[in-house]
Amino acid sequence: MTAIREISLGEAMKEALAEEMRRDDDVFLLGVSIRAGTFLHTKGLVEEFGERRVLDTPLSEPGGVGTAFGAAQEGLRPVLDFMYAGFAYFAGSEVFIQAGQYHFLHGSKHPLPMTLIGTCGVGRRVANEHATLPYGALIHHPGIKVCLPSTPYDAKGLLKAAIRDNNPVFFLWHTSLMALKGPVPTDEYIVPIGVADVKRAGTDVTVLTSGLQVHHSLKAAEAVSSEISVEVIDVRSFEPFDLPCLLNSVTKTTRLVVVDEDFERGGFAAEIAAQMMEHGYDLLDAPVRRVCHPHMPVPGGYIDAYSMPTPARIEAAIRDVCR
Amino acid sequence: MTAIREISLGEAMKEALAEEMRRDDDVFLLGVSIRAGTFLHTKGLVEEFGERRVLDTPLSEPGGVGTAFGAAQEGLRPVLDFMYAGFAYFAGSEVFIQAGQYHFLHGSKHPLPMTLIGTCGVGRRVANEHATLPYGALIHHPGIKVCLPSTPYDAKGLLKAAIRDNNPVFFLWHTSLMALKGPVPTDEYIVPIGVADVKRAGTDVTVLTSGLQVHHSLKAAEAVSSEISVEVIDVRSFEPFDLPCLLNSVTKTTRLVVVDEDFERGGFAAEIAAQMMEHGYDLLDAPVRRVCHPHMPVPGGYIDAYSMPTPARIEAAIRDVCR
Amino acid sequence: MPTKPRGASAQETLTRDHKRLLYRNLVRAMTLDRMMMRIIRAGKMVGFYHEGGIALAPGVAAGTFLRRDDAMNPHYRAHGIAHMIAKGVDIQSYVAEHMGRVDGCAKGRSSFHVSYPEDHIFGWSANIGANFPPCIGYGFAARYRSTDQVVMNCSGDGSYQEGRAHEALLMTANWHLPVIFWCENNGIAQSSALSDLFPIADISRLAAGYGIPALMVDGQDLLACGEAALAAIAHARAGKGPIFVELKTLRSQEHNVGGLNNEGAHTRDPALMQKWRDTRDPLTLATARLLKDQVLTEAEVADLQLEADREAAAIEVHCEASPKATPSIDELMAGVYAP
Amino acid sequence: MPTKPRGASAQETLTRDHKRLLYRNLVRAMTLDRMMMRIIRAGKMVGFYHEGGIALAPGVAAGTFLRRDDAMNPHYRAHGIAHMIAKGVDIQSYVAEHMGRVDGCAKGRSSFHVSYPEDHIFGWSANIGANFPPCIGYGFAARYRSTDQVVMNCSGDGSYQEGRAHEALLMTANWHLPVIFWCENNGIAQSSALSDLFPIADISRLAAGYGIPALMVDGQDLLACGEAALAAIAHARAGKGPIFVELKTLRSQEHNVGGLNNEGAHTRDPALMQKWRDTRDPLTLATARLLKDQVLTEAEVADLQLEADREAAAIEVHCEASPKATPSIDELMAGVYAP
Ligand SMILES: Cc1ncc(C[n+]2csc(CCOP(=O)(O)OP(=O)(O)O)c2C)c(N)n1
Ligand SMILES: Cc1ncc(C[n+]2csc(CCOP(=O)(O)OP(=O)(O)O)c2C)c(N)n1
Ligand SMILES: [Mg+2]
Ligand SMILES: [Mg+2]
């Protein structure tokens, strides 16, 4: 019988890892200080699975990705934890170029089942690499899938899907959502990569967003609810992206705000604007609005609370496109 | 008296380097096998400037960028040559994050006058890292300027501007244009970074493009010239981008095709589509069309000749938006 | 553990003034480290803090004998507080920066990314190991301009696991650059024991592969650290190329405030860490030694502590009074590029 | 230069069959290298080629004694032709790939990014040094599954300048992985002399810093290379962890076809390279030695060359007849992700 409990996003990720490791001995976990469990999602896994399957790596990001890369080529299903996703830039070539291009470039003959995990997100005052959200950069580079959950349910389901995928998948999670609790069934389930989710239905305007910004967008939607009916879509997976879900929504609402915590230029929101030009131009009654991190480095201190997209900025954008 | 000669793009770059090195002893050059001069633009410079100012580095991209980075912090004006721009991903953190964020993050107190050079471009059949055009990824990351010339004149002027800039600038050049000849005055001049150039005036449709694709676009413009009057704008610098020049043009033409040899998703063309939504929606009589590299790794062999944007694909897009 | 030169050519001895200076800087560093801990525990800091604890003697020694125009990469531990104090930076603006205040050294926008370009300390990245590539450039600039500046490149054992360390060792050795690799080896990186990450115990064994001379030093012994610093600086300043100094030190608390204190799956033994604090505190050891050698009197020791306490208190008061930095986005956007 | 084991524990001797096999593979490798040169000079290749010339004995030795399930990273020089032939891959599809043909091993889309996953050769990146990170993974997989597979990780002196080399040496040593660092040191990287890039002449001196044993071998001596391969494979297969083998070899021509033949600012001396070709050709040396030792007869030598010439000719004819690969964009787009 299916039970549903409230657990945190970190615990949901841990359940996903544990279930997949129980299911398949080829799945193993490596990363910096994951035996101790710097974050909740790896804490205690070494006790169940032992040091053979839960490995601390040196501070060697290219070496760590390479270990996963090579092991995946040899048929294992590694899960590499970067701690902070921004550290992945130390392995820029492996992450942005080589992982995604391996399969295609060598004749589409051989899979690369490798999962990368990293936390990201603005709002903890520490600036720069500890905040970097790499999905804008990742979607630019072909061949690597990218997802970011906003709820414990999605976190568990997407992480299991990532591990079972035969391609490199970068599973991002937002540091500010680590402790967020939500319902998660005890029965096994998967959230397929490439499927967006309508988190709030509405008719006047669509807000497309992800991660922490789903919650900010829901707040903004609530704030304007007496005047404007907002549909909030959680991207969940940036690549592949669920364009049909978006077009369905905009067919109804005719207006679109993209809320993206990542740098504005040439990022996910820009791509959506371009795709709307190409696939949904006639659906629109107003130009697509972006609410992003301004095009400047992520500052720390007291600034990041208002430099990132906030419910107030989202609300203003919603009102603006509905004028 | 100003004379004008025809020289190649590689020679024009070499003149820029030599003039800036003569002008300022703080300017020096380092990179992999640049003393021998793998490409035309560095060949022979060691003879004039000696081994003190023209340095071969080990194959250590982070170390090479770091040498430039640290020397620039100490007040020198280094020019680092990556050979192929795709190799820059080995120094992903330094190039995409640290260089651009140094000034801002540390209080906007201290400049970082550092020029990176790399060749790029599809069409020489060698695939992947030898073709990678990193400007789509670079513009996503704040704080680093990026340019790519299409003519010897622009190459010389932009490279001189890059070296004199107090910020990191990634100067890209297209491998297929190395031998392209064009007029270059003997008198000193600068092409400022951040200013686009109308390479062909027209009234029906604007084509915004760069590098080799300027030439492909001019071919396409010529091919349709009896029916459609095409304005071809050479981006020249992706960051900062000359939005006023584009908006001026689209005000007249009401139609826009962006031709971009880089990967399609979340790239420069996507950013332009988003900016047109934001700043030029009412100017448009048709949605912005992208003609990009398809969203797949760059293949080699006989394929890249048609997988990259070609005059034929550009012509089709021009006709399409003008229907 | 004795200072054991392995191939290093320069030898220097500490003068009485050197010893007094080192001691004063250590008192200040450890006092300010405790103040930083008070501030973060009181919720007044805007980001991380990674306590220095009993591991600050190497940092003090690294900074004390540098000239202002010598470049330094401070170790990130204790956010370089010992290194910076000893090099003489305006430490009040360092604390203000950690508190997100307008008179922080980076205008309150950087959290812990402090920077003193005028002191040749050029900020830092949150990436461990990011110190290595630029240190080549600092050394390169000195050679290029034929100055006798040296570079003090400080970081932990963990940082030497990054490939970037190899490139810096290689390139500085190849070009004979005046760079000191100051490796503060506390045997642990975040929550993993060094023995689990690194095949050998002495990181400095890497140096020989590049033909770089190496010293090994007891990092709890302030005077040994100081002697090594003098020797290393003299070596680099004399144009003899890079030198590697490994300082064995200890971490007797968790990695960062609120973080774990594990070595892999296992909690670190609190009794052992208490023993280290009791018997291996560099200040206690240095006090005893300098009193015995009559370099300092009991009264001077007490005065120095008083002075340091006053400094810390004054900084804290000043920083709390300083307004929180909340510049407009426009103002920030205007600061992305240098003019 | 004698084979000089430095701390390596395993020693093996070549049998008569081993020697004959090595010899045959060298004949084939050098013949096919010449064929590749003919093809590229005739404008029939779709990308680069980096001639092997007289540097192919190390590659032959690296591949000859591996099992099919042993992973290998071939050196990029000569695009690994010697390594691959010796390991037994279908070399026709390698040539076809270089010619952009549909029966190329990557369907004609890769230029030189050849790949034989069934032979545990998993393609490559154009980035020199990119071989290092995955080789950790191959070794890791062997240990994880408790097989006795070994990993032959071949690359040049230039590749050891990349930080990624350090990470692979570190991690394989730390985890005792069965990885052979097969360093084909020809003293030059593209157009820069190694002595201009690296502080010491023997790259294998790095190994000691990680506690990795090292061998040094004359890379022009086929039998010495073979012996070193046997020893290294035995060491790794026995679970003794990584081992470093440095093979000193020579580049007697330009870096790549149409490229420069410089060392820094200076052209390399053609007379010296001619002398190397005359006196240090590994095939000439091996022929003399094996004839003298009566491992081969003159007739056998001639037959082996004839066989290799026939192989090369047949491959060339086949590949030229194979259609050029020009798949549709849709077909390619469908190949981005594995099912
Ligand atoms: C590239 C990168 N990887 C991982 C981290 C996370 N991290 C922060 S400090 C640290 C440990 C560093 O260890 P060490 O250099 O020995 O310094 P110590 O903390 O022991 O003083 C780690 C792993 C990081 N900041 N950057
Ligand atoms: C990351 C990277 N940097 C630079 C290059 C350009 N490049 C190609 S081959 C080569 C030389 C490699 O030298 P080595 O490893 O010694 O091999 P060898 O050519 O001597 O056989 C260089 C610099 C590259 N392909 N990748
Ligand atoms: Mg440590
Ligand atoms: Mg070489």
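Scope of this entry: the structure provided in the associated data block. As the structure is a prediction and not an experimental result, all values here were calculated from the model.

**As for the state of the cysteines**
Applying the stated criterion across every chain yields a total of zero disulfides over all chains. The thiol sulfur of Cys245(B) is not disulfide-bonded, and the nearest other cysteine sulfur, from Cys147(B), lies at 16 Å. Since its relative accessible area comes to 14%, Cys245(B) is described here as buried. Free of any disulfide, Cys154(C) has its nearest neighbouring cysteine sulfur in Cys183(C), separated by 10 Å. According to the relative accessible area criterion, Cys154(C) is buried, its value standing at 1%.

**Observations concerning the coordination of the magnesium ion (ligand 3)**
Those protein atoms acting as donors to the magnesium ion (ligand 3) are Asp157(C) (OD), Asn186(C) (OD1) and Ile188(C) (O), and they sit at 2.1 Å. For Asn186(C), a relative accessible area of 14% corresponds to the buried category.

**Details of the site of ligand 1**
Neighbouring residues of ligand 1: 22 residues in total, closest Tyr76(C), Arg77(C), Gly158(C), Asn186(C) and Ile188(C). Two or more chains meet at ligand 1, and those chains are chains A and C. Contact distances for ligand 1 include 2.8 Å between an oxygen atom and a side-chain N or O atom of Asn186(C). Coverage of ligand 1 by the protein chains reaches 98% of its 580 Å² of free accessible surface.

**Considering the site of ligand 2**
What surrounds ligand 2 is a group of 22 residues, the closest being Tyr76(D), Arg77(D), Gly158(D), Asn186(D) and Ile188(D). The environment of ligand 2 is shared, with nearby residues belonging to chains B and D. Asp157(D) places a polar side-chain atom, nitrogen or oxygen, 2.9 Å from an oxygen atom of ligand 2. Alone, ligand 2 offers 590 Å² of accessible surface; in the complex the protein occludes 97% of this. Per-class residue counts for the shell around ligand 2 are 10 nonpolar, eight polar and four charged.

**Concerning the coordination of the magnesium ion (ligand 4)**
Perfect tetrahedral coordination of a metal by four donors corresponds to 109.5 degrees between them, and perfect octahedral coordination by six donors corresponds to 90 or 180 degrees. Residues and elements named next belong to chain D. Distances from the magnesium ion (ligand 4) to its protein donors, Asp157 (OD), Asn186 (OD1) and Ile188 (O), fall within 2.0 to 2.2 Å. The motif formed by the donor residues of the magnesium ion (ligand 4), counted along the single chain, is D-x28-N-x1-I. Ile188 sits in the buried class, given a relative accessible area of 4%.

**Quick notes on the interface of chain B and chain A**
For an interface, size is often stated in terms of accessible area lost upon the parts coming together. Chain B puts 48 residues into the contact, and the matching count from chain A is 48 residues. Across the chain B to chain A interface the summed buried area is about 4400 Å²; carbon plus sulfur atoms make up 62%. Summed over the shared surface of chain B and chain A, the number is six salt bridges. With a shortest N-O distance of 2.8 Å, Glu271(A) and Arg290(B) are connected by a salt bridge. At the boundary of chain B with chain A, the tally comes to 20 residue pairs in polar contact (both at pLDDT 80 or more). Counting residues per element, the ones that place at least two in the side of chain B that touches chain A are helix H4 (92-105), helix H5 (135-140), strand E13 (256-263) and helix H9 (268-279) of chain B. Considering only residue class, the side of chain B that touches chain A consists of 25 nonpolar, 14 polar and nine charged.

Rules and cut-offs
Residues numbered from 1 in each chain as written. Chains lettered and ligands numbered in written order. Predicted model: local features only at pLDDT ≥ 70, side-chain atom pairs only at ≥ 80, totals over all residues. Heavy atoms only, no water. Disulfide = S-S within 2.5 Å. Buried < 20%, exposed > 50% of the residue type's maximum accessible area, 1.4 Å probe, protein only. Donors = N, O, S within 2.8 Å, 3.2 Å for Na, K, Ca; no water. Near = heavy atom within 4 Å. Polar contact = N/O pair within 3.5 Å; in protein donor to acceptor, adjacent residues only side chain to side chain. Areas by Shrake-Rupley, 256 points an atom, 1.4 Å probe, with all protein chains shown as cover. Nonpolar A, V, L, I, M, F, W, Y, C, P; charged D, E, K, R; others polar. Contact = heavy atoms within 4.5 Å. Buried area = accessible area lost by both parts, 1.4 Å probe. Salt bridge = Lys/Arg side-chain N within 4 Å of Asp/Glu carboxyl O. Helix = DSSP H or I, 4+ residues; strand = E, 2+ residues; numbered from the N terminus.

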